[in-house]
Amino acid sequence: MTWSVAELIEKRSGEQYDLHRQYINTSLARVQTIIGFDRNYSRGEGAFLWDAAGNRYLDLLSGYGVFNLGRGHRVVKQAIQDVIALDRPNLVKMDCPLLAGLLAEELVRRMPPELDAVFFANSGADAVDTALKFARAATKRPRMLYLEHAFHGLTLSTLALNGGNEFRKGFEPLMPGFDFVAMNDLAALEKQLRQGDVAAFILESIQGKGVYIPAASFLPEAQHLCRKYGALFVCDEVQVGMGRTGRFLCCEHWGLEPDIVTLSKSLGGGYIPVSATITRRKIHDATFSRLERCQVHSTTFGQNEPAMAAGLATLHVLEEERLVERAATTGENLLKRLAALQERYEMIADVRGKGLMIGIEFKAPRSLGLRTAWTAAETAQKGLFAQFVVMALMREHHILTQVSGPDVNIIKLLPPLIIGDEEVEMIVSAFDAVMAEAQKVRGRVWGQSAQLIKHALEA
Ligand SMILES: Cc1ncc(COP(=O)(O)O)c(C=O)c1O
């Protein structure tokens, strides 16, 4: 009997939440159900998802940033299908595969000066971990610096660079000598660097958790200090790279010249996990320093053919469809229109971002009735108001967003870079309607607060 995944999906569709509760992450499945996100998605295309009943949803999460091209881009699909159809000799391992060389060539072409050596792995955390090893090998120093609120992954080494205690709690002790510096605090950074034992300062030039943007001079000055004290300056572009902020690399906004850049997420075109750590030849070769050390850092699935083909296709599409420029102009328009709502809704504290990475931060209202409702929610769990807004956007408008990290009243919008005027209009009018409803204590936005507060308190 032939086996068909299509038949399997057809037969078992709708069982996913039961299966996850039973075999995977029970807590996560419960949370999705509580917040009304337990939909039965059956199709994704471009910036949209459809559920089995045919309802359409606008996806402003982009799978945490993997769908810069939107879902199911024809060119990426074709590239992956082609390498499979061609029976390419994948993962020979004792080999130097062509597509990896070609993707490395294309990436180097898009990098700041002198970054000309590439290491391929599978995930963002893999890429950051590689940067840490490269930095230690090149500088012979042990310590790393990172920023408050930073997020570089959740493996044990990248957790040691995590600027939020919520993620670290329960997994200590983490790597010794990994210390955080507050954003914009150059004096604190210099104090740490002056000790002479820091291998690298690693940062996201716009932070994913909270969409925090540094002061204009911070990153150039920080880079200068790293050079002065012999530490490497590492830009983690896993989320902000690949055109997300209106430049191919986010660090280009400040004209930075990092020693190491990490990329992942949408490099795989939304299909194949892949990451790249790009650095100077000399730094790269400090790790692979002798012939017998040529595999001292490696990963089984690195350089696999479908991933390399997806990466090449993605870079081609970004250029061909001018998506980086599009992210800049669409993002500017969306940011301006959302910021204009601030005048009408007192609970919007800030709207910030670059390109199509936008954060909307909320603050406590002044009016007494609303303030009581806000305080009850925030006492139960910090950031609960943002969760109400996320739930309302989904419930009333079929728009998928997320609270931008634990304990913050910030929503992050991370739409595919292909969105245009129509989607901007949908986002702004939905957000406008939700905020108007949130001004009413008895409005639908607060309607489910009692139940959510109860769950938060139980947790
Ligand atoms: C800036 C940054 N670095 C690293 C990572 C880790 O990537 P992954 O989840 O693929 O390990 C993420 C994930 O969100 C990220 O945003």
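Quantities reported herein were computed from a predicted structural model and do not represent experimental measurements.

Another point: the site of the ligand. Residues in contact with the ligand, as listed here, are S123, G124, A125, F151, H152, G153, E204, D236, V238, Q239 and K265. Within the backbone of A125, one N or O atom sits 2.9 Å away from an oxygen atom of the ligand. K265 is positioned such that a nitrogen or oxygen atom in its side chain is 2.8 Å from an oxygen atom of the ligand. Expressed as a share of its isolated accessible area of 390 Å², the protein-covered part of the ligand is 80%. Considered class by class, the residues forming the shell around the ligand number three nonpolar, five polar and three charged.

On to the side chain of R143, then. Checked against the element boundaries, R143 lands in strand β5 (residues 143–147). Within the local environment of R143, its side chain forms a polar contact with the side chain of D179, the two groups lying 2.6 Å apart. Residues in contact with R143, not counting those within four places in the same chain, are G177, D179, Q192, Q195, D197, V198, A199 and A200.

Inspection of the entire model under this criterion finds one cavity of 30 Å³ or more. Considering only enclosed or pocket space, the largest cavity measures out at about 40 Å³ in volume. In terms of lining residues, the largest cavity is bounded by L60, L338, I360, L393, I399, T401, L413, I427 and F431. Along the lines of polarity and charge, the residues of the lining of the largest cavity split into eight nonpolar, one polar and no charged.

This next bit is on the layout of surface pockets. Taken as a whole, the second largest pocket encloses approximately 830 Å³ of empty space. Around the second largest pocket, the lining is made up of 26 residues, and of these D95, C96, P97, C294 and Q303 lie nearest the centre. Looking at the lining of the second largest pocket, the elements that each hand over two or more residues are α6 (98–109), β4 (117–121) and α12 (281–287). By residue class, the composition of the lining of the second largest pocket is 14 nonpolar, eight polar and four charged.

Now for the pairing of β4. Among the five residues in β4, five count as buried, and that is most of the element. Burial along β4 is two-sided: A117, F119 and A121 facing one way and V118 and F120 facing the other are all buried. Where β4 lies against strand β10 (residues 275–279), five bridges are found, and the strand directions are antiparallel. Considered in β10, the bridge of A117 is made with T279.

Before going further, it helps to spend a moment on helix α5 (residues 74–85). Under the 1.5 Å per step criterion, the end-to-end length of α5 is 16 Å for twelve residues, consistent within 8% with the ideal 16 Å. Within α5 the residues assigned to the buried category are V76, A79, I80 and V83. Down the axis of α5, the buried set is contained in an arc of 90 degrees. They therefore lie on one face. When the buried face of α5 is taken as reference, the exposed residues oriented beyond 90 degrees from it are R74 and A85. On the buried face of α5, the contacting elements are α6 and α13 (305–320). Once α5 finishes, D87 follows within two positions and takes phi at roughly 50 degrees, a positive value.

The subject of this paragraph is the packing of α6 against α13. Across the interface, α6 lies against α13 with an axial gap of 9 Å and an inter-helix angle of 35 degrees. Crossing of α6 against α13: the hand is left-handed. Contacts between α6 and α13 involve L99, A100, L102, L103, E106, L107 and R109 from the first element and E305, M308, A309, G311, L312, L315 and E319 from the second. By residue class, the composition of the contact of α6 with α13 is nine nonpolar, one polar and four charged.

The next point concerns the packing of aromatic side chains. Summed over all chains, the structure comprises 13 aromatic pairs. Taking 6.1 Å as the distance between ring centres and 85 degrees as the angle between the ring planes, the aromatic pair formed by F134 and F288 counts as edge-to-face. Linking F134 in helix α7 (residues 124–139) with F288 in the loop between α12 and α13, this pair joins segments that are 154 residues apart in sequence. Of the two residues examined, F134 and F288, each falls in the buried class. Centroid distance W374 to F385: 5.3 Å. Interplanar angle 40 degrees. Geometry classified as tilted. Here W374, found in helix α15 (residues 368–380), pairs with F385, found in helix α16 (residues 384–397); they are eleven residues apart in sequence, far enough to count as distant. The rings of F362, W374, F385, F388, F431 and W446 are connected pair by pair, giving a single aromatic cluster.

Per the counting criterion, the structure on display carries 26 salt bridges. Residue R109 is joined to E319 by a salt bridge in which the shortest nitrogen-to-oxygen separation is 3.5 Å. In this pair, R109 sits in helix α6 while E319 sits in helix α13, placing the two residues 210 residues apart along the sequence. Residue R444 is joined to E437 by a salt bridge in which the shortest nitrogen-to-oxygen separation is 4.0 Å.

Backbone-to-backbone hydrogen bonds pair the strands of a sheet. The strands run either parallel or antiparallel. The antiparallel open sheet is built from four strands, whose spatial order is β11-β12-β15-β14. Edge positions in the open sheet fall to β11 (348–354) and β14 (402–403), since each of these has one partner strand only. In this structure, strand β12 (residues 357–362) lies alongside strand β15 (residues 410–413), joined through four bridges in antiparallel fashion. The partner of E361 across the bridge, within β15, is I410.

This paragraph deals with helix α11 (residues 218–229). Because the α-helix completes a turn every 3.6 residues, residues three or four places apart line up on one side. When the terminal C-alpha atoms of α11 are compared, their 16 Å separation across twelve residues agrees well with the 16 Å that a helix rising 1.5 Å per residue should span. What α11 keeps buried is the set F218, L219, A222, Q223, L225, C226 and Y229. Here the buried residues of α11 occupy an arc of 160 degrees about the axis, which is enough to place them on one side. Looking at the packing, one finds that the buried side of α11 touches β5, α10 (186–193), β7 (198–203) and β8 (232–236). The positive-phi residue at the C-terminal boundary of α11 is G230, with phi of around 75 degrees.

Rules of the game
Residues numbered from 1 in each chain as written. Predicted model: local features only at pLDDT ≥ 70, side-chain atom pairs only at ≥ 80, totals over all residues. Heavy atoms only, no water. Near = heavy atom within 4 Å. Polar contact = N/O pair within 3.5 Å; in protein donor to acceptor, adjacent residues only side chain to side chain. Areas by Shrake-Rupley, 256 points an atom, 1.4 Å probe, with all protein chains shown as cover. Nonpolar A, V, L, I, M, F, W, Y, C, P; charged D, E, K, R; others polar. Helix = DSSP H or I, 4+ residues; strand = E, 2+ residues; numbered from the N terminus. Contact = heavy atoms within 4.5 Å. 1 Å grid on protein atoms, 1.4 Å probe; cavity = no way out; pocket = protein on both sides within 12 Å on 5 of 7 lines; lining within 4 Å. Points joined across faces, edges and corners; volume = space filled by probe spheres on them. Buried < 20%, exposed > 50% of the residue type's maximum accessible area, 1.4 Å probe, protein only. Pairing = 2+ DSSP bridges. Expected span 1.5 Å × (residues − 1). Arc of directions from axis to C-beta. Axes fitted to C-alpha atoms, helices over the stretch in contact; angles between N-to-C directions. Left-handed = near helix turned anticlockwise from the far one by under 90°. Phe/Tyr/Trp six-rings, centres within 6.5 Å; stacked < 30°, edge-to-face > 60°. Salt bridge = Lys/Arg side-chain N within 4 Å of Asp/Glu carboxyl O.

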